[in-house]
Amino acid sequence: MTELLPYSADLRGIDCHVHSRFSPDAKNAGADAPARIAQAVRDKGLRGFIVTDHIDVGHWREFDPIDFDEYFKTWNRVRADNPDLTIYIGLEVGFEMRTAEQSAELIKDLPLEYVINSVHYWAQGVRDIFSRGRLDAYSVYLDAVLASLDAPYPFTTIGHIGFPERYAPYDKSERAMAYELFKPKLDKIIKTAVSRNIRIEENTNAGGEMRLPRADFLQAYKAAGGARPVIGSDAHVSSSIGQYFDKAEKFLTDIFGE
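These lines cover the structure that appears in this document, whether it is placed above or below. (Residues numbered from 1 in each chain as written. Predicted model: local features only at pLDDT ≥ 70, side-chain atom pairs only at ≥ 80, totals over all residues. Heavy atoms only, no water.)

Digging into the nonpolar core
Stage number 1. One finds Y71, L91, I158 and I189 to be the most contacted residues of the largest nonpolar core, which totals 71 residues.
Stage number 2. It is helix α6 (residues 134-148) that contributes the most residues to this core, seven residues altogether.
Stage number 3. Discounting residues that sit within four places of it in the chain, I158 has contacts with I116, N117, V145, L149, I189, A193, I198, R199, I200 and E201.
Stage number 4. In terms of nonpolar packing, the next biggest core, distinct from the first, is built from ten residues, L5, L11, I50 and V230 among them. (Core = buried A, V, L, I, M, F, W, Y, C linked by side-chain atoms within 4.5 Å. Buried < 20%, exposed > 50% of the residue type's maximum accessible area, 1.4 Å probe, protein only. Helix = DSSP H or I, 4+ residues; strand = E, 2+ residues; numbered from the N terminus. Contact = heavy atoms within 4.5 Å.)

Here it is, written out as C-alpha cells:
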C-alpha cells in the first residue's frame, strides 16, 4: 500500500531523483547495476537517494513494463545491504490527461514512499509547438502542469518545472520560462503546491547554470509560503548522481536561507 513520505521529511543530502536500469532511457544510457548506484551515492558523499524510475504509460512500447515484484525486491535488497544510506523507493510518473487513470490503476497498490509527478509529453508534435514561439510553447506546457496537480494518484513532488527549457531551440537569452511572462499560470502552480503540501524539486540535470525551476519562480514560491525544495539530479547513469548539488545548495540557500 502506498504510504508516501510526509511533507516534513528531511531530504537534505539525499539525491531525490535517480533512475536505474528499470527505466528504459537509463537502460539505454548504460545505467549501472543497483548495487553500484548505492556505492556511487556513497562515493559522492551523499547520505542517501530515492530511486524514481519512469512510468510513462503509452510510451517506451518497445520495452517490457516494469516488473514491480522485481523492482521492490531489488531495491529492498539494496537498502538492506547498505544500512548506512537512507534509501527510499519511488517512481517518476509522467502525467498525461489521456493516460492518467491508467497510471493511477498501475501504481495504486504499490508500497511506494515517494512519487514525482512530471510532465514529459505535453503536446503532439513538440517541434511544431516550439515553432510557435516561447509564449505559446511554454503556455501549453504549464497548462499540462496545472492539470497534473489534480492527477488521480498520490504524489509527493512536482518534477523539473520548466522542463521544455532543456530542449527549446531558442537563443539562450530567450529560453527562460521567466516568471513575469507566465505569472498567472505559475502563481496557480505555486498556490496549489503550497496549499496541498506538495514539494517542489530543484532539478540539476540541465547543466550547472540552467535552473529548473529558476530563481524568480522560487522567490515567488517562497513568498507564498513554500518550503525549501528538494534536489534531484535526474541521473540516468551513476556518474551523474549528485551532479551540481554544491551549486544547487548554494542557489537554494541564497533564496531560502539555511
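So, helix α8 (residues 215-223)
Stage number 1. Within α8, the full set of buried residues consists of F217, L218, A220 and Y221. Along α8, the residues classed as buried sweep out an arc of 160° about the axis, all on the same side.
Stage number 2. The inward-facing, buried residues of α8 abut α7 (183-195), β6 (199-203) and α9 (245-256).
Stage number 3. One or two positions beyond α8, positive phi appears at G225, with a value near 105°. (Arc of directions from axis to C-beta.)

Thoughts on helix α4 (residues 100-107)
Within an α-helix, residues lying three or four positions from one another point in the same direction, as the helix has 3.6 residues per turn.
Stage number 1. Those residues of α4 not exposed but buried are A100, S103, A104 and I107. Projection of α4 onto a plane perpendicular to its axis shows the buried side chains occupying an angular sector of 100°, all on one side. Exposed residues pointing more than 90 degrees away from the buried face of α4 are listed as E101 and E105.
Stage number 2. Where the residues of α4 are buried, they touch β3 (86-94).

What to know about the packing of aromatic side chains
Stage number 1. Across all of its chains, the model carries 15 aromatic pairs by this definition.
Stage number 2. A ring pair is formed by F68 and Y71, whose centres lie 6.3 Å apart and whose planes are at 85°; its orientation type is edge-to-face. Residue F68 and its partner Y71 are located together in helix α3 (residues 68-81), separated by three residues, close to a single helical turn. By the burial criterion, F68 is buried, and Y71 matches it.
Stage number 3. For the ring pair Y138 and F182, a centre distance of 5.9 Å and an interplane angle of 45° mean the geometry is tilted. Note that Y138 is positioned in helix α6 and F182 in the loop between β5 (157-158) and α7, a separation of 44 residues in sequence.
Stage number 4. Relative accessible area serves as the criterion here: at 0%, Y138 is assigned to the buried category.
Stage number 5. Residue classification places F182 among the buried positions, given a relative accessible area of 3%.
Stage number 6. Members of the aromatic cluster, joined through ring pairs, are W122, F130, Y138, Y141, F163, Y167, Y170 and F182.
Stage number 7. For R199, the ring lying beneath its charged end belongs to Y7, and the centroid distance is 5.7 Å. (Phe/Tyr/Trp six-rings, centres within 6.5 Å; stacked < 30°, edge-to-face > 60°. Lys NZ or Arg CZ within 6 Å of the ring centre and 35° of its normal.)

A few points about the pairing of strand β4 (residues 114-118)
The side chains of a regular strand alternate, residue by residue, between the two faces of the sheet.
Stage number 1. Of all five residues that make up β4, five are buried, and the element is covered over most of its length.
Stage number 2. Here β4 shows a buried face lined by Y114, I116 and S118 and a second buried face lined by V115 and N117.
Stage number 3. In this structure, β3 lies alongside β4, joined through five bridges in parallel fashion. The residue bridging E92 from the neighbouring strand is I116, located in β4.
Stage number 4. Relative to β5, β4 runs parallel, the two being bridged by two bridges. Its bridge partner lying in β5, N117 is registered against I158. (Pairing = 2+ DSSP bridges.)

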